[in-house]
Amino acid sequence: MATMKRKLTVAMLTTAIGLSLVGCGAADSTPKAAEKNSPSSTTNATTTSNKPVKLRIMWWGSQPRHDATLKILDLYTKNNPNVTFEPEYSGFDGYIDKLTTQAAAKNAPDIIQMDAAWLADWNARGQLADISSVNEKDVDPKLVEAGKYKDKQTAVPLGGNAWGLIYDKGSLDKLGIQLPPDGITWDDFFKLSKDIKGKLDKDHYVIGDFARNRDMYTSYQLSKGKGYPVTPDGKFNFDKDTWLEWMKMAEDFRNAGITPPPDVSVSDVDLDPKQDLMLTGKIIFKAAHAAQASSWDSLKPGSIGVYAMPKDKQGGGWLKATFFFSVSQDSQNKEEAKKFIDWFINSPEAGEISGTTRGVPVSSKILAQLQPKFSSADKLTIDMIGKATPGAQQFNPGAKGWNNFDTKDYKAITESIMFGKMKIEQGFDELKKKSAEYEK
């Protein structure tokens, strides 16, 4: 019975990962794809010469991901003594700005951890190398397709992920509150938030100010059946009535103390033990990706719960690849970089070390291998993907050229509203005006 349960869980996860980018197209069936999946491509990566090679590699993440990655790099060097690494790692804040500056100076690291939202721009600028020789035969074809540009593989997915909510279980237990097992509507979530606030003191809150959270608003509009706020082909699609409704609700929550004051909300830094509002006990709920759940659990062991994003006419969450490894077009060590990436996703030893620090392992073989050994923290990631799967929407990685709109303009406008420097209606007009700078 236990064996059957494990097999069903693996099958469910493989399906979940496959659904993450439905409609992206079939796997590459060209001779090149057949070549890269040939027996000559192995998980026991070895170099073609003894010439010393130093690979710069850059990623973002939490301390558990840093620790696991450094161990993996050490293992690779042990197996390939002529290959050493120069790691560059940090939190997410400031990562893409630093990387963009390096790339502009043609000084980007050889191996780069990339987010799906950046791929369109980086590919359009020709900054990512063709890494089609990486063996992805055990990776879902739809995830493989997500890393392609003009039939060339420029990014290799590293794991399965989902967008939803995490929460402080201990706080809800103390308040005697149980969440519905099969998800919750936005209306019921807003009502629940008001009920919870009635049981909290003045300096404790239910959730961070969601006005400034672009992904949460995307979930809200998606769940209303009105599509993504910016379409995949780069058209402004914010529904005015829906956005005004969302921002008015955020204002009401702010005034009622359900969310923190603006200065407290903007100080929130994910996974920072001293500045993460959930870790410090200031709030109960956060929007997050499944791949991050184990990182929060490592900082607050046994206290983290996971949940699907609230729904309306349809689900408000999505499934996706966590992120990708790419190779800089300016790298002088492309072949060695590709060999490392191949080994990283296919090696049982690397999989053992990595666990779910980059989401559910992208290789079906590695996933099956690790399933019986998953820790309680790892199972949070799996559980969150399972909860998100039934109502998951097709993932939109972001339109070419819109990254600054999402990461800078939206944040600046919504924070102006939060601090009372701009009216909500004016904010929508500013968003629409700004969008004209990005629409082609």
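Residues numbered from 1 in each chain as written. Predicted model: local features only at pLDDT ≥ 70, side-chain atom pairs only at ≥ 80, totals over all residues. Heavy atoms only, no water.

An unreviewed UniProt entry lists the protein chain under the name ABC-type glycerol-3-phosphate transport system substrate-binding protein, with Paenibacillus aceris as the source organism.

Visitor: Would you mind going over the overall build of the protein chain with me for this structure?
Guide: Looking only at helices and strands, the protein chain has 18 helices and 12 strands in total. Within the protein chain, counting contacts between residues at least 6 apart in sequence, those at least 24 apart form 77% of the total. (Helix = DSSP H or I, 4+ residues; strand = E, 2+ residues; numbered from the N terminus. Contact = heavy atoms within 4.5 Å.)

Visitor: How do you make sense of the sheet that holds strand β3 (residues 111–114) when you look at a structure like this?
Guide: Sheet strands pair by backbone hydrogen bonding; their relative direction is either parallel or antiparallel. Read from one edge to the other, the open sheet built from five strands follows the order β2-β1-β3-β11-β6, with strand pairing classed as mixed. The open sheet terminates on both sides in strands that have one partner only, identified here as β2 (83–90) and β6 (156–157). In terms of strand pairing, strand β1 (residues 53–60) meets β3 through two bridges, oriented parallel. Bridged to Met58 within β3 is Ile112. Packed on one face of the sheet, helix α5 (residues 116–124) meets β1, β3 and β11 (324–327) and runs near 125 degrees to β3. Running over the sheet, helix α13 (residues 334–346) touches β1, β2, β3, β6 and β11 and is turned about 165 degrees from β11. (Pairing = 2+ DSSP bridges. Axes fitted to C-alpha atoms, helices over the stretch in contact; angles between N-to-C directions.)

Visitor: What is the right way to look at the pairing of strand β9 (residues 304–308) in this model?
Guide: Each regular strand shows side chains that alternate between the opposite faces of the sheet. With five of its five residues buried, β9 lies for the most part within the structure. Burial along β9 is two-sided: Ile304, Val306 and Ala308 facing one way and Gly305 and Tyr307 facing the other are all buried. Both strand β7 (residues 159–168) and β9 contribute to a ladder of five bridges, which runs antiparallel. When the sheet's bridge partners are listed, Gly164 is paired in β9 with Ala308. (Buried < 20%, exposed > 50% of the residue type's maximum accessible area, 1.4 Å probe, protein only.)

Visitor: Can you walk me through the side chain of His66 in this structure?
Guide: Following the sequence through the fold, His66 ends up in helix α3 (residues 63–79). Not counting chain neighbours up to four residues away, the residues in contact with His66 comprise Trp59, Trp60, Gly61, Tyr89 and Ser90.

Visitor: I tried to follow the pattern of salt bridges on my own but got confused; where do I start?
Guide: For side chains bearing opposite charge, pairing can occur when the charged atoms are close. Counted according to the given criterion, the structure contains 23 salt bridges. Asp268 is the salt-bridge partner of Lys286, the closest N and O atoms lying 3.1 Å from each other. Of this pair, Lys286 sits in strand β8 (residues 285–289) while Asp268 sits in the loop between α11 (262–265) and β8, and the two are 18 residues apart along the sequence. Here the residues in one salt-bridge network are Asp268, Asp270, Asp276 and Lys286, joined through shared partners. (Salt bridge = Lys/Arg side-chain N within 4 Å of Asp/Glu carboxyl O.)

Visitor: Please explain helix α18 (residues 424–435) as it appears in this structure.
Guide: The terminal C-alpha atoms of α18, which comprises 12 residues, lie 17 Å apart, in line with the 16 Å expected from a rise of 1.5 Å per residue. Every buried residue belonging to α18 is among Ile424, Gly427, Phe428, Leu431 and Ser435, and all of these are buried. Axial view of α18: buried residues confined to an arc of 100 degrees, hence all on one face. Tucked into the core, α18 has its buried residues touching α10 (240–256) and α17 (403–418). (Expected span 1.5 Å × (residues − 1). Arc of directions from axis to C-beta.)

Visitor: Just checking my understanding: could you explain unusual backbone geometry for this structure?
Guide: Backbone phi values are negative for most residues with the exception of glycine, while trans is the configuration of most peptide bonds. You will see that Lys106, though not glycine, has its phi angle at about 55 degrees, which is positive. Note that Lys106 resides in the loop between α4 (95–104) and β3. We classify Lys106 as exposed; its relative accessible area is 61%. Located in the positive-phi region is Leu271, a residue other than glycine, with phi close to 65 degrees. The topology assignment puts Leu271 in the loop between α11 and β8. Leu271 sits in the buried class, given a relative accessible area of 18%.

Visitor: What's the story with the side chain of Thr259 in this structure? I'm lost.
Guide: Here Thr259 lies in the loop between α10 and α11. Engagement of the side chain of Thr259 in a polar contact is seen with the backbone nitrogen of Arg254, the distance being 3.4 Å. Setting aside anything within four residues of it in sequence, one finds Thr259 in contact with Tyr205, Ile207, Gly208, Asp209, Ala250, Phe253 and Arg254. (Polar contact = N/O pair within 3.5 Å; in protein donor to acceptor, adjacent residues only side chain to side chain.)

Visitor: Is there a simple way to think about the packing of α17 against α18 in this case?
Guide: Working note: a packed helix pair is described by the angle between its axes plus the distance between those axes. In contact at an axis separation of 9 Å, α17 and α18 are set at 160 degrees when each is read in the N-to-C sense. By the angle between their axes, α17 is roughly antiparallel relative to α18. The element α17 and its partner α18 pack so that their crossing is right-handed. Contact residues: Phe405, Asp409, Tyr410, Ile413 and Ile417 in α17; Ile424, Gly427, Glu430, Leu431, Lys434 and Ser435 in α18. Here the residues of the contact of α17 with α18 sort into six nonpolar, two polar and three charged. (Parallel < 35°, antiparallel > 145°, perpendicular 65-115°, else oblique. Left-handed = near helix turned anticlockwise from the far one by under 90°. Nonpolar A, V, L, I, M, F, W, Y, C, P; charged D, E, K, R; others polar.)

Visitor: Could you clarify how one ought to interpret the nonpolar core in this entry?
Guide: Residues Phe238, Trp243, Phe285 and Phe340 are the most contacted members of the largest nonpolar core, which totals 97 residues. When near neighbours in sequence (up to four residues on either side) are disregarded, Phe238 contacts Arg214, Tyr217, Gln221, Pro229, Val230, Trp243, Phe405, Tyr410, Phe428 and Leu431. In terms of nonpolar packing, the next biggest core, distinct from the first, is built from 25 residues, Tyr205, Ile283, Ala293 and Ile385 among them. (Core = buried A, V, L, I, M, F, W, Y, C linked by side-chain atoms within 4.5 Å.)

Visitor: Would you take a moment to explain α17 for this structure?
Guide: Relative to the 22 Å expected for 16 residues at 1.5 Å per residue, α17 spans 22 Å between its end C-alpha atoms, a close match to the ideal helical length. The complete set of buried residues in α17 reads Asn403, Phe405, Asp409, Tyr410, Ile413, Thr414, Glu415, Ile417 and Met418. If you follow the buried residues of α17, they end up packed against α5, α9 (214–223), α10, α11 and α18. One or two positions beyond α17, positive phi appears at Gly420, with a value near 75 degrees.

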